Amino acid sequence: VQLQASGGGLVQDGGSLRLSCAASGIIFDINTVSWYRQSPGKQRELVAMIARDGTTTYADSVKGRFTISRDKKQVYFQMYLQMTSLKPDDTAVYYCNVEQRPPGGRGFWGQGTQVTVSS
């Protein structure tokens with residue numbers, strides 16, 4: 001199974017983008033689903049996550065601006081990251097991640113999609 005991330009692009013300061021992540025097959029026993037990002041010279045950081053119980057977690061820098069969601073109606077896994085009020089500091093490659101149970105189990109990564117916010 002592979003994850004395909006899409007929806008990145010170039011947007012002006014204050015703009016919006018919606019990222020999507022879709023699986024090529026069925027992923028069983030999902031524990032967490034997440035979006036990470038990595039800027040040049042920086043470590044990959046967690047942006048947003050949905051835990052198995054539905055609890056959402058956001059990085060402080062994106063709280064109130066980004067929303068993670070998952071479409072459970074689809075047979076194949078799909079999730080999204082709605083990003084609003086984008087800032088130049090949000091510029092990064094965004095990756096989606098799915099972790100299987102048990103916690104710390106197998107993880108799937110998308111290939112990354114570039115988001116560039118111009119000032």
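Residues numbered from 1 in each chain as written. Predicted model: local features only at pLDDT ≥ 70, side-chain atom pairs only at ≥ 80, totals over all residues. Heavy atoms only, no water.

> Whenever I open this one, the packing of aromatic side chains confuses me. Can you help?
In this description, an aromatic ring pair is defined by two values, namely the gap between the centres and the angle between the planes. Counted by the stated rule, this structure contains 1 aromatic pair. Positioned above the aromatic ring of Tyr80, the side-chain terminus of Arg18 is 4.0 Å from the ring centre. The cationic tip of Arg44 hangs over the ring face of Tyr95; the distance from NZ or CZ to the ring centre is 3.8 Å. (Phe/Tyr/Trp six-rings, centres within 6.5 Å; stacked < 30°, edge-to-face > 60°. Lys NZ or Arg CZ within 6 Å of the ring centre and 35° of its normal.)

> Mind showing me how you'd approach the nonpolar core here?
Nonpolar side chains tend to gather and get buried jointly when the protein is soluble and globular. Among the nonpolar cores identified, the biggest contains 31 residues, and Leu3, Trp35, Phe77, Leu81, Met83 and Tyr94 are the most heavily contacted of them. Breaking this core down by element, the ones donating at least two residues are β1 (3–6), β3 (17–23), β4 (30–38), β5 (45–50), β7 (66–70), β8 (78–83), β9 (92–100) and β11 (113–118). If we skip the residues at most four places from it in the chain, Leu81 touches Leu17, Arg18, Leu19, Trp35, Val47, Ala48, Phe66, Thr67, Ile68 and Tyr94. (Core = buried A, V, L, I, M, F, W, Y, C linked by side-chain atoms within 4.5 Å. Buried < 20%, exposed > 50% of the residue type's maximum accessible area, 1.4 Å probe, protein only. Helix = DSSP H or I, 4+ residues; strand = E, 2+ residues; numbered from the N terminus. Contact = heavy atoms within 4.5 Å.)

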